[in-house]
Each structure stands twice: as structure tokens, then as C-alpha cells.
Amino acid sequence: GGVEYDDGTVATVSQQARDVAQFLSWTSEPESEERKKNACKYMVVLAFMALSVGYYKRWKWSPLKTRQIAYVKGVGGAGAH
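Our subject in this report is the structure included herewith. These numbers come from a predicted model, not from an experiment. (Residues numbered from 1 in each chain as written. Predicted model: local features only at pLDDT ≥ 70, side-chain atom pairs only at ≥ 80, totals over all residues. Heavy atoms only, no water.)

1. Quick look at the overall build of the protein
For clarity, the threshold we go by: Each helix corresponds to a stretch of at least 4 residues labelled H or I by DSSP, and each strand to a stretch of at least 2 residues labelled E; elements are numbered beginning at the N terminus. Every radius of gyration here is taken over C-alpha atoms, with the globule rule written as 2.2 Å times N^0.38, N being the number of residues. Accessible area is worked out with a 1.4 Å probe on protein chains only. A residue is then buried under 20% of its type maximum, exposed over 50%, and partly exposed in between. Accessible surface is estimated by sampling points in the Shrake-Rupley manner with a 1.4 Å probe; for residues, cover comes only from the protein chains shown. As used throughout, the charge tally considers Lys and Arg to be positive and Asp and Glu to be negative, leaving His and the chain termini uncounted. To locate a charge, take atom NZ for lysine, CZ for arginine, CG for aspartate or CD for glutamate.
Scanning the protein from N- to C-terminus turns up two helices and zero strands. For the protein, whose C-alpha radius of gyration is 33 Å, the value lies well above the compact-globule estimate of 12 Å for 81 residues. Counting only C-alpha atoms, the protein reaches 105 × 20 × 20 Å along its principal axes. Buried residues in the protein amount to 2% of all 81 residues. Put simply, the protein shows about 8,000 Å² of open surface, and 62% of that area lies on carbon and sulfur atoms. Separation of charge centres in the protein, based on 11 positive and 8 negative side chains, amounts to 35 Å.

So this is what it looks like as C-alpha cells:
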């Protein structure tokens with residue numbers, strides 16, 4: 001093996017291949033960690049906004065959804081003659 005790990009990990013071929021693959025992935029997109037963090041923040045804000053809008057809609061429309069329409073027969077209209 002050509003690698004000695006400080007933490008005592010055995011330097012097997014599969015371990016070294018995994019490390020090389022991870023390093024190549026990191027070098028191809030070094031900003032991916034920051035992008036993942038930003039995506040998590042955006043998802044939290046999006047969830048909060050969705051809950052806020054849902055609550056506001058319920059609060060705003062509740063008077064219209066809970067009203068009662070009462071019909072009084074014989075008062076006004078075409079059948080009052």
C-alpha cells in the first residue's frame with residue numbers, strides 16, 4: 001500500500017479506491033457542500049412559508065366557510081303574490 005492512515009484504518013485496495021473516488025468527486029465540485037447547506041436552508045424557509053400561507057388562508061376564509069345561509073319561504077321573490 002502507498003497510504004498510511006493516521007487513525008489506524010487498514011489501507012486496503014477498496015479503502016484506497018473509495019478515498020480516491022471521494023477526492024475526485026470533491027475536486028470536480030468543491031462548492032457542493034455549500035450548495036447542500038443552502039438547499040437545506042431554502043427548504044426550511046419554504047416549509048415555513050407554506051405553513052404560514054396555509055394558516056393565513058384558513059384564517060382569512062373561515063368566516064365565509066362557516067356562514068349559514070337561511071332561506072325564508074314566502075318573503076319577497078316571485079312567489080309573494
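2. Points about the packing of aromatic side chains
To keep it simple, the criterion reads: We call Phe, Tyr and Trp rings a pair once their centres come within 6.5 Å, taking the six-membered ring for Trp, and we label the pair stacked below 30 degrees between planes, edge-to-face above 60, and tilted otherwise.
This model, assessed by the stated rule, comprises two aromatic pairs. For the ring pair Phe23 and Trp26, a centre distance of 6.2 Å and an interplane angle of 35 degrees mean the geometry is tilted. Pair noted here: Phe23 and Trp26 are both in helix 1 (residues 13-28), with a separation of three residues, about one helical turn. Ring geometry for Tyr56 versus Trp59: centroids 5.8 Å apart, planes at 40 degrees, classification tilted. Highlighted residues: Tyr56 and Trp59, both in helix 2 (residues 32-65), separated by three residues, approximately one helical turn.

3. A short note on the pattern of salt bridges
Keep this limit in mind: The working definition used for a salt bridge is a side-chain nitrogen of Lys or Arg within 4 Å of a carboxyl oxygen of Asp or Glu.
Summed over the entire model, instances satisfying the criterion amount to three salt bridges. A salt bridge links Arg35 to Glu31, with the shortest nitrogen-to-oxygen separation between them at 3.8 Å. Residue Arg35 is classed as partly exposed on the basis of its relative accessible area, which comes to 44%. For Glu31, a relative accessible area of 41% gives the class partly exposed. With a closest N to O distance of 4.0 Å, Glu33 and Lys36 form a salt bridge. Pair noted here: Glu33 and Lys36 are both in helix 2, with a separation of three residues, about one helical turn.

4. A look at the environment of Ser28
The criterion, for reference: In protein, a polar contact requires one atom able to donate a hydrogen and another able to accept it; more generally it is a pair of N or O atoms within 3.5 Å, and residues adjacent in sequence count only if both atoms are side-chain atoms.
Its place among the elements puts Ser28 in helix 1. Between the C-alpha atoms of Ser28 and Ile69, which are 41 residues apart in sequence, the distance is 65 Å. From its side chain, Ser28 meets the backbone oxygen of Ser25 in a polar contact 2.8 Å long.

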